[in-house]
Structure formats: structure tokens, C-alpha cells
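Single-letter residue listing:
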Amino acid sequence: MTRQHSGRRPTGRQGSGKQGSGGPGSGRQRSGRPDAARNAAYDLMRAVDERDAYANLLLPALLRKRGIVGRDAALATELAYGTLRGLGTYDEIIAACSDRPPEHVDPPLLDAVRLGVHQLLRTRIPPHAAVSATIDLVRHRVGPGPSRYANAVLRKVAGRTLEEWLAIVAPPLDEDAAGHLAVAHSHPRWIVNALRDAVGGDVDETAALLAADNERPRVALVARPGRCSVDELISAGAEPAAYSPYGAYLPEGDPASIPAVGEARAAVQDEASQLVALALTRVPVDRDRDWLDMCAGPGGKAGLLDAVAEQRGARLLAADVQYHRARLVWGTTRGAAVVTADGTRPPWRPGTFDRVMLDAPCTGLGALRRRPEARWRRDPRSIPELTRLQRLLLDSALRAVRPGGVVAYVTCSPHLAETTAVVDEVPPERAEVLDAREFLPEAPGLGGGPHVRFWPHRHGTDAMFLALFRAK
Ligand SMILES: C[S@@+](CC[C@H](N)C(=O)[O-])C[C@H]1O[C@@H](n2cnc3c(N)ncnc32)[C@H](O)[C@@H]1O
């Protein structure tokens, strides 16, 4: 995994801090072999680097296959996710402790050292245990020679706290704010710049947003109306959500073990994702029969829209350009018709629909909390192509809706190029811009309007953008 710049102390789960040999926190076994949790965290990091694996998809399967549960599973998750998030910071520190830059270090060795740095600087694992467990890992997984390099680097790293290292390796905030935030919060500089622009330039708010990206998101659930109630989720151990009338948060446990989730009456869904879908359903229209979800896969918003549509006697058509993503929508909906279709060359007739959801493909910069490695994989060079597609899809959505009907343009990116720059191009003679805040009265802090922005640091949700249009 190539790195850029780095991050701050997550307040989520720490290492177990257990002392003594053989415990999951110390990670040492009497044989000097690396323990199961660190082996799993290391294998995950290598898979992310070598095979472009998605950490959040691979790790649960890997833990299950190896029978790693309980505290060991929590430790493996904390080590792997924390290291992947923080590797921008860690690489700067490794560079300061090494005679060669990280990009000249053999990637398998570098990943093991990064895991060691994470344990030293962001967990309560005792330093001697963090160092010796990492040396064991390197010796067994990389080789005896490289373990000397790891030992030398980690002993230097252990000499200072994270704050002390940041004071050395991060550019001063007043000289280079983006550079400082990039290193201190472990984000690529281009993402820091994009997020700073999106929050309006405020450095403190940007820092808060970047810090929130380094937190592990809570598990949000939706009770699909008419099929499940929030009370049912609460009786299964969830807590009511802050804003969404259909939302709940699961403080612990596996959501898949909740019967309503297994039966697709409820689902895991970010609260902002619920709210932007609800906003579309709340705009008054004089005919409310035909709804379209134009980019529906894998079906989160379609699942909620389908449930509300059923209650109202409306029909939902859900489309996605990718067959396998369209198929996933079958699993989240009951009454919807699902098609594989390119929204830029649609099979439906213009002027057909009363409500259209366009949840456009985007960089996903608003959902960085969910995929620890995602920030290092996003490429700013993808933005022109994405924004071209977003414009084409929005144009198509406005054609699909009948006069008086409503279009919601949604992205899980706050990037200005993917949000305001796209929606501002809609000519006033084609559509009226609605004040989207009016349709989300339960949510505070949505910005100055007319469009709505949800934020991880303000709402505890993904960063999500919503613009509402009424077609003329
Ligand atoms: C942000 S995701 C949608 C997420 C979905 N609405 C949900 O809530 O689960 C964007 C989707 O757009 C689809 N997509 C990309 N280009 C498209 C096109 N030209 N026409 C239709 N769908 C497209 C992608 O396959 C992807 O599934």
C-alpha cells in the first residue's frame, strides 16, 4: 500500500493492554512465534497491498476461517484497521528513524514495522511487548536479517510519544496547514485540500472532520417502515438513532444475528443515507405513483424507498448499470422492479416518474471511515471522469421526471467538484432548486442551504450531500 500522510489517535478500541507473555495484548507466545491476532492483522495488510483487498470485507472472513474470536479478534481488527488508517503518519515517523525512505523498504517488512509503530504510539500495549512481538513477526514472516532493521527502527520510535513525533515530522500548522493536517491526521494532502474546501476553508473544522474519519463508525441500522419497527431493533439490543425516525445504532454484536436484518426487514445503513432518501419521499407532489432509483446498487436507499413506496401504493423501479449490483437490489426490496440499465442511456420513457433518486457514483470521500485503506487508493485523476458522468446522470434524471416531479441528487462525497459544481449547472428554466433542509427538520447543522450536507464530525454520519430539484 503506497502511503501519503497521516493521522491522529483514534478513540476507538485500543489494544487489550494485557501484560505478560502469551496474552493477546502482549502478543508473545512462549515459542517466540507471532500470535494469531498479529498474524491476521499482518496478513490483512499484505492482502490490501498485494491484491487490493478491501480490509472491511476480508478481515471478518479471515478471522472466521482461523477461528479467531473475542479479544483476539478485537485486537486483530484494531491493529489492522488502525495501522491502515494511520500509515501516513507512521511512514513519516519511520522515515525519521531510518536511513532509507519507506518507499525503499521491502513492502512486507514495511507493513510489519507499521504494525509495530501503531502498537507503540496508539495502543496501551507495553512498549517492550510491542517491539518484541513485532520482531517475532518479522523474523517468522519476513526473515531474520530484516528483523534487525525492524528492531533498530522500533527502538527509536519507542523513544517518543506520538505528539512528540508529530512535532518533529509534521510541517508547522501556520506555515503549511494542509501539510500539517495531512501528517497529523493521516490523509493524503489532496484529500485534506478537498475537505477543507468543502467545509468552507476553516482549518479547525477540517481537523475535526479528518479526526472523525479516523474513528470507527458505529453500526447504524434502518428499520424498513411497514416491515420492522425501531422498537423491534431496540429489543434486539440497538439504541435509537439521533435523527432518523427509522434509525438505530447497535453498540455491540453482529447485526446479521438480528432476525429482522436476516429477513431484510431491517438493514445496516448509515443514518445520513436514510435521511437523504426520506427527504426525497417528503417533498409534496401532485401525483405520487412512479418512483425511480437510477443508481440503486447495492440497494441501501432502494430498500428504504421500496418500503415507503409500498406504504403509499407507489411503484419503485430500481436500476444499476452493473448486473451484479442490480442483483443485490433484489435482496433489499420486495415490490420494486429491478433492471440492469445505464442511466445515461435509459430504457424508460422521459417524463415518466414522480420521484427520482440519483445517488451518483462518486469518489466516496464522505465514507472514508468505513474503509481504512480507501484514502490511499482514491485518485484525484478520477474526478474529471466522475464529474462528467455525474452531469450526464443528473441531466438524465431531470429528463426522467415529469414536470412537477422531484429529483434528489446525492453523493457520499463532499468534494465541491462532485456536489455544488454539478448541481449549480442545472439551468433554472429546467428545474427549481428546493431548500432541502425543509424536508429534514429533525437534523440540525445542515449548512446554509439550499443543499444539505451531513458530516461525520457534526452528525456522526458519513459525509453526504443532497440537492433537491422540482422539474419544470
Ligand atoms: C453510490 S453507488 C449507489 C448506492 C446505492 N444507491 C445505495 O444506497 O446502496 C452508485 C451506483 O451507481 C452505479 N452506476 C454507475 N454508473 C451508472 C450508470 N451510468 N447508470 C446506472 N448506474 C450507474 C454503480 O454501479 C453503483 O452501484
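Residues numbered from 1 in each chain as written. Predicted model: local features only at pLDDT ≥ 70, side-chain atom pairs only at ≥ 80, totals over all residues. Heavy atoms only, no water.

A few points about the overall build of the protein
How we decide: Numbering of helices and strands runs from the N terminus, with a helix taken as a DSSP run of H or I at least four residues long and a strand as a DSSP run of E at least two residues long. With the radius of gyration taken over C-alpha atoms, the globule rule is written as 2.2 Å times the number of residues to the power 0.38. What makes two residues a contact is simply this: any of their non-hydrogen atoms within 4.5 Å.
The number of helices and strands found in the protein is 19 helices and twelve strands. Taking 23 Å as the expected radius of gyration for a compact globule of 472 residues, we find that the protein reaches 24 Å, a close match to that expectation. Its C-alpha atoms give the protein principal-axis dimensions of about 70 × 50 × 35 Å. Summarising the internal contacts of the protein: among those between residues at least 6 apart in sequence, 73% fall at separations of at least 24.

Topic: the site of the ligand
Condition: We define proximity as follows: a residue is near a molecule or strand when any one of its heavy atoms falls within 4 Å of that partner. Any pair of N or O atoms that falls within 3.5 Å is considered a polar contact. Within protein, one atom must be able to donate a hydrogen and the other to accept it, and sequence-neighbouring residues count only if both atoms are side-chain atoms. We call Asp, Glu, Lys and Arg charged. Ala, Val, Leu, Ile, Met, Phe, Trp, Tyr, Cys and Pro are nonpolar, and the rest, Gly among them, are polar.
Taken together, 20 residues lie near the ligand, and Gly 300, Asp 320, Arg 325, Gly 343 and Asp 359 sit nearest. Residue Gly 300 places a main-chain N or O atom 2.8 Å away from an oxygen atom belonging to the ligand. Here a nitrogen atom of the ligand and a backbone polar atom of Val 321 are 3.3 Å apart. Elements represented by at least two residues in the shell around the ligand include exactly helix H14 (300-312) and helix H17 (383-400). Considered class by class, the residues forming the shell around the ligand number ten nonpolar, five polar and five charged.

Structural notes on the pattern of salt bridges
Side chains carrying opposite charge are able to pair once their charged atoms draw close together. Rule in force here: The rule for a salt bridge is simple: a side-chain nitrogen of Lys or Arg has to be within 4 Å of a carboxyl oxygen of Asp or Glu. Type-normalised accessible area, obtained with a 1.4 Å probe on protein chains alone, sets the label of each residue: buried when under 20%, exposed when over 50%, and partly exposed for intermediate values.
In this structure the tally under the stated criterion is 38 salt bridges. A salt bridge links Glu 263 to Arg 265; its shortest N-O distance comes to 2.8 Å. Of the residues examined, Arg 265 reaches a relative accessible area of 16% and is grouped as buried. Residue Arg 355 pairs with Asp 288 through a salt bridge whose shortest N-O separation is 2.9 Å. Placement of Arg 355 in strand S8 (residues 353-359) and of Asp 288 in the loop between helix H13 (271-282) and strand S5 (290-293) is noted, with a sequence separation of 67 residues between them. Classification of Arg 355 by relative accessible area gives buried; the value is 3%. One network of salt bridges, with partners in common, ties together Arg 46, Asp 49, Glu 50, Asp 91, Asp 111 and Arg 114.

Some points on the pairing of S5
Inclusion rule: Only strands that DSSP links by at least two bridges are regarded as paired with each other. With the strands aimed away from the viewer, a crossover counts as right-handed if its path from the first strand over the helix to the second runs clockwise.
The two faces of S5 match: Asp 290 and Leu 292 on one face and Trp 291 and Asp 293 on the other face are all buried. In the sheet, S5 pairs with strand S6 (residues 315-320) via four bridges, with the strands oriented parallel. Bridged to Asp 293 within S6 is Ala 318. A crossover links S5 with its parallel partner S6, the connecting element being H14, and its sense is right-handed.

Comments concerning the sheet that holds strand S4 (residues 266-268)
Judged by pairing direction, the sheet is antiparallel, and its four strands sit side by side in the order S2-S3-S1-S4 without closing on themselves. Only two strands of the sheet have a single partner each, and these edge strands are strand S2 (239-240) and S4. Summarising the sheet, strand S1 (residues 219-223) and strand S3 (residues 247-250) pair through four bridges and their orientation is antiparallel. Bridge pairing in S3 places Val 222 opposite Gly 247.

Section: helix H9 (residues 189-198)
Within H9, burial applies to Trp 190, Ile 191, Val 192, Ala 194, Leu 195 and Ala 198. Tucked into the core, H9 has its buried residues touching helix H8 (177-184), helix H10 (203-213), helix H16 (374-377), H17 and strand S11 (452-454).

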